[in-house]
Amino acid sequence: QGPLVESGGGFVQSGGSLRLSCTASGRTFSSYAMGWFRQAPGKEREFVAAISRGSGLTDYADSVKGRFTISRDNTKNTMYLQMNSLKPEDAAVYYCAGDLSYRVLTRPGGSVDYWGQGTQVTVSS
């Protein structure tokens, strides 16, 4: 698993949409469960969503259920986060992450093997 690079962040009005992408180098992307985390100013990093190797399992934080959709395309070494109906409280730096264990990504307090550098999402009222 190589470096993870996020893109797609930006500035949106509340109620708007963004799609984040996370692309991995190398040929081992499909071996990793992937997920998204976010960190707002002055707060700890929190779990947003996760997806298993073959997309058979997904999990979402309660705060984003029904609004965000995680997906991946292993042929492109890319994971996505479609964010709809954005709220000001969604504003944060969003990080993609990868781990050989799906449970590590979804379990509270778990650490992961790989992190991206983060992409800023700003939502105004």
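Whatever comes next refers back to the structure up there.
Residues numbered from 1 in each chain as written. Predicted model: local features only at pLDDT ≥ 70, side-chain atom pairs only at ≥ 80, totals over all residues. Heavy atoms only, no water.

Take the packing of aromatic side chains next. Summed over the entire model, instances satisfying the criterion amount to four aromatic pairs. Ring geometry for Tyr32 and Tyr114: centres 5.6 Å apart, planes at 80 degrees, overall edge-to-face. Linking Tyr32 in the loop between β3 (18-24) and β4 (33-39) with Tyr114 in strand β10 (residues 114-115), this pair joins segments that are 82 residues apart in sequence. Take Tyr114: its relative accessible area is 29%, and that puts it in the partly exposed class. A centroid spacing of 6.4 Å and a plane angle of 90 degrees characterise the contact between Tyr95 and Trp115, whose relative ring orientation is edge-to-face. Here Tyr95, found in strand β9 (residues 92-99), pairs with Trp115, found in strand β10; they are 20 residues apart in sequence, far enough to count as distant. A residue is classified by how much of its surface remains accessible, and Trp115, at 33% relative accessible area, is partly exposed. An aromatic cluster is present here, built from Phe37, Phe47, Tyr95 and Trp115 joined pairwise through their rings. Here Arg45 stacks its cationic end above the ring of Tyr95, 4.1 Å away from the centre of that ring. Between the NZ or CZ atom of Arg45 and the centre of the ring of Trp115, over which it lies, the distance is 4.2 Å. (Phe/Tyr/Trp six-rings, centres within 6.5 Å; stacked < 30°, edge-to-face > 60°. Helix = DSSP H or I, 4+ residues; strand = E, 2+ residues; numbered from the N terminus. Buried < 20%, exposed > 50% of the residue type's maximum accessible area, 1.4 Å probe, protein only. Lys NZ or Arg CZ within 6 Å of the ring centre and 35° of its normal.)

Turning next to the sheet that holds β3. Backbone-to-backbone hydrogen bonds join strands into a sheet, with any given pair of strands oriented parallel or antiparallel. If you walk across this open sheet you meet the four strands as β1-β3-β8-β7, and the pairing is antiparallel. The sheet is open, and its two borders are formed by β1 (4-7) and β7 (68-73), each paired with just one other strand. Pairs of neighbouring strands in the sheet enclose a mean axial angle of 15 degrees, with direction left out of account. Strand direction decides the pairing type here: β3 and strand β8 (residues 78-83), joined by six bridges, are antiparallel. Looking at β8, one finds that Ser21 is bridged to Tyr80. (Pairing = 2+ DSSP bridges. Axes fitted to C-alpha atoms, helices over the stretch in contact; angles between N-to-C directions.)

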